[in-house]
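Letter by letter, the chains look like this.
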Amino acid sequence: MKKGIHMEKILIVVDMQKDFVDGALGTKEAVGIVDNVVSKIEGFEGRIFATLDTHHADYLETAEGKKLPVPHCIKDSDGWLLDEKVQRALSGKAYRAIEKGTFGSTKLVEEIGVLAAGGEIELTLVGLCTDICVVSNALLLKAHFPEVSISVDASCCAGVTPKTHEAALETMRMCQIDIVGA
């Protein structure tokens, strides 16, 4: 770290929405990480971003909807909202919500880029689903910021299945993203 430059820690909470926790696409593993994510948020000192998977009434006609024909995270629906415990934890912090219409968020990359231009940053990702949106965002961030320290807290992530969760963690390890909490 350069002398006199402040290291900004950034937590990215990926898609901790009701539909992914205990709604349309929820799993017992997703329910099982909620308290870990809440603890991570509550103990975090730094900037926080929370992504929101965001679809609309035409979801089933989209490319994603044709491959995954389960309507979920329809904007302004109950399932689109953050899990209540996660929302409570975030409400005590300054955080920025970013809606995204697909797995990875280029808007998140843009906003992190502004922060990276101002000094050194360190990124930590948590959330759902490890094997879809967490890995997509982690790899996008790594591609744009190859010299930035990026980690994923495995104890605060869950995949579609335990097997695909582990496969995504291994993929991220291979791409030089640090896996912690495993």
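Residues numbered from 1 in each chain as written. Predicted model: local features only at pLDDT ≥ 70, side-chain atom pairs only at ≥ 80, totals over all residues. Heavy atoms only, no water.

(A) Geometry of the environment of F49. Position of F49 among the secondary structure elements: in strand β2 (residues 47-53). On the basis of relative accessible area, F49 is assigned to the buried category, the value being 3%. Distance in space between the C-alpha atoms of F49 and I112 is 9.5 Å, their sequence separation being 63 residues. (Helix = DSSP H or I, 4+ residues; strand = E, 2+ residues; numbered from the N terminus. Buried < 20%, exposed > 50% of the residue type's maximum accessible area, 1.4 Å probe, protein only.)

(B) Focus on the pairing of strand β1 (residues 7-14). Within β1, six of the eight residues are buried, leaving the element largely enclosed by the surrounding structure. Two elements, β1 and strand β4 (residues 120-128), share eight bridges in a ladder whose sense is parallel. From the neighbouring strand, V14 faces β4, where its bridge partner is G127. As paired elements, β1 and β2 share five bridges and run parallel to each other. Looking at β2, one finds that L11 is bridged to I48. (Pairing = 2+ DSSP bridges.)

(C) Representation of the nonpolar core within the structure. In this structure, I12, I112, L123, L141, V152 and M172 are the most contacted members of the largest nonpolar core, which totals 28 residues. Going through the elements one at a time, β1, α5 (106-117), β4, α6 (130-144), β5 (149-158) and α7 (162-174) are the ones with two or more residues in this core. The biggest single contributor to this core is α6, with five residues. Setting aside anything within four residues of it in sequence, one finds M172 in contact with T130, V134, V135, A138, V152, I177 and I179. (Core = buried A, V, L, I, M, F, W, Y, C linked by side-chain atoms within 4.5 Å. Contact = heavy atoms within 4.5 Å.)

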